[in-house]
Amino acid sequence: MENNPPDLHKTTLDSQKKNSIIKIMKIMLKNNTNKQGFTIIEVVLVLAIAGLIFLTVFLALPALQRSQRDSQRKRDMGLFTTAWTNNFVNNQSRSSLYLTVEERYNSLIRNGYIKEDEFIDPSTGVRYVGKVFGTLEAYSETNLRDLKVGEFIMDFSVEGCDGDKIIDSPHNNPTIGLRSVAIVTRLEGGGLYCASNV
């Protein structure tokens, strides 16, 4: 058998490959040991900030929704006073002083001034309820205090609203007449809202 001498060139290449691999592995190990993870304090800080953001949104969302429902109530009261005016002007000869709130509301629907599903309280999902109508007692402090969200008090022959209160007109004032109407409702965010067509 022949003994071949080792190929020096091949041995040198193998040795260089091994050295290169060893150097690469040392660099990788060195890089891995220098890398740092997040500390517990950093993690807790990030979670605390995320919690504060969530809490802010959680607290602000219901207030925003209440505000939107109150805006809808105000629009509804304006719609009602406009419908009242239009109905009165167009059907003046058939107007009656002695109708209940329900009868007046139904006449607005029947005459096409309000759609059945338009005068709906946004939080209850049911039609607004007229509590008292057309007397000085209608907007007494007791009735106003007991007024609930989704209910309203209405009066005609008024001079308008003063903030959240109806300004009644003397019934002998010919300039006001029956066409003027004011309506008060309780807002979900607190307080009362008065709308008038005067």
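Visitor: Hey, could you run me through the overall build of the protein chain in this one?
Guide: Looking only at helices and strands, one finds four helices and six strands in the protein chain. For the protein chain, the α and β elements follow one another from N to C terminus as α-α-α-β-α-β-β-β-β-β. Classification of the 198 residues of the protein chain by burial places 26% in the buried group. Residue pairs at least 24 apart in sequence account for 54% of intrachain contacts in the protein chain once pairs closer than 6 positions are excluded. Carbon and sulfur atoms make up 59% of the accessible area of the protein chain, which amounts to about 13600 Å² in all.

Visitor: What am I meant to see in a nonpolar patch on the surface here?
Guide: On the surface, L52, F54, L55, F58 and L59 cluster together into a nonpolar patch covering about 580 Å² of accessible area. By the element assignment, F58 lies in helix 2 (residues 40–90). Taking the relative accessible area as the measure of exposure, F58 reaches 54% and is therefore exposed.

Visitor: Looking at this structure, how should I read the pairing of strand 5 (residues 181–186)?
Guide: The side chains of a regular strand alternate between both faces of the sheet. In terms of burial, strand 5 is largely enclosed, as five of its six residues are buried. In terms of strand pairing, strand 5 meets strand 6 (residues 192–196) through five bridges, oriented antiparallel. Residue pairing for strand 6: I183 is matched across the bridge by A195.

Visitor: I tried to follow the state of the cysteines on my own but got confused; where do I start?
Guide: In protein structure, a disulfide is the covalent linkage between the sulfur atoms of two cysteines. With the rule as written, the count across this model stands at one disulfide. Here C161 connects covalently by a disulfide to C194, the sulfurs 1.9 Å from one another. Negative torsions about the S-S bond denote left-handed disulfides, and the value of about -65° found for C161 with C194 makes this one left-handed. Note that C161 is positioned in strand 3 (residues 158–162) and C194 in strand 6, a separation of 33 residues in sequence. Its relative accessible area of 28% is what places C161 among the partly exposed residues.

Visitor: How should I be thinking about the nonpolar core in this particular structure?
Guide: Grouped burial of nonpolar side chains is what soluble globular proteins tend to show. In this structure, M77, F80, I114, F119, F152 and I183 are the most contacted members of the largest nonpolar core, which totals 17 residues. Apart from residues no more than four positions distant in its own chain, I183 is found in contact with M77, F80, T81, F119, F152, I153, M154, Y193, C194 and A195. Listed in part, the nine residues of the second largest apolar core include L147, V158, L192 and C194.

Visitor: Teacher, can you tell me more about the side chain of D121 here?
Guide: If you trace the backbone, D121 turns up in the loop between helix 3 (101–110) and strand 1 (129–133). Of note is the side chain of D121, whose polar atom sits 2.8 Å from the side chain of S123. With near-sequence residues (within four places) excluded, D121 lies in contact with R73, V126, Y128, V149 and G150.

Visitor: Explain the pattern of salt bridges here, please?
Guide: Once their charged atoms are close, side chains differing in charge can pair, the charge on each being opposite to the other. All told, the structure shown has four salt bridges when counted by the stated rule. Two residues, E188 and R69, come together in a salt bridge whose shortest N-O distance is 2.7 Å. Here E188, found in the loop between strand 5 and strand 6, pairs with R69, found in helix 2; they are 119 residues apart in sequence, far enough to count as distant. A salt bridge links R73 to D121, with the shortest nitrogen-to-oxygen separation between them at 2.8 Å. Of this pair, R73 sits in helix 2 while D121 is found in the loop between helix 3 and strand 1, placing the two residues 48 residues apart along the sequence. One continuous salt-bridge network, built from bridges that share partners, spans R69, D70, R73, D121 and E188.

Visitor: I keep staring at the packing of helix 2 against helix 3 and nothing clicks. Help me out?
Guide: Packed helix pairs are specified by the crossing angle of their axes together with the interaxial distance, meaning the distance between the axes. Close contact between helix 2 and helix 3 brings their axes to 10 Å; oriented N to C, the two are set at 75°. When the interaxial angle is binned, helix 2 and helix 3 end up roughly perpendicular. Packed against helix 2, whose contacting residues are F80, A83, W84 and N87, the element helix 3 presents R104, Y105, S107 and L108 at the interface. Its residues assigned to classes, the contact of helix 2 with helix 3 shows five nonpolar, two polar and one charged.

Reading the values: the criteria
- Residues numbered from 1 in each chain as written.
- Predicted model: local features only at pLDDT ≥ 70, side-chain atom pairs only at ≥ 80, totals over all residues.
- Heavy atoms only, no water.
- Helix = DSSP H or I, 4+ residues; strand = E, 2+ residues; numbered from the N terminus.
- Buried < 20%, exposed > 50% of the residue type's maximum accessible area, 1.4 Å probe, protein only.
- Contact = heavy atoms within 4.5 Å.
- Areas by Shrake-Rupley, 256 points an atom, 1.4 Å probe, with all protein chains shown as cover.
- Patch = residues over 30% accessible without salt bridge, like charges linked within 9 Å, V, L, I, M, F, W, Y side chains within 5 Å.
- Salt bridge = Lys/Arg side-chain N within 4 Å of Asp/Glu carboxyl O.
- Pairing = 2+ DSSP bridges.
- Disulfide = S-S within 2.5 Å.
- Core = buried A, V, L, I, M, F, W, Y, C linked by side-chain atoms within 4.5 Å.
- Polar contact = N/O pair within 3.5 Å; in protein donor to acceptor, adjacent residues only side chain to side chain.
- Axes fitted to C-alpha atoms, helices over the stretch in contact; angles between N-to-C directions.
- Parallel < 35°, antiparallel > 145°, perpendicular 65-115°, else oblique.
- Nonpolar A, V, L, I, M, F, W, Y, C, P; charged D, E, K, R; others polar.

Any link to function would need more than the numbers given here.
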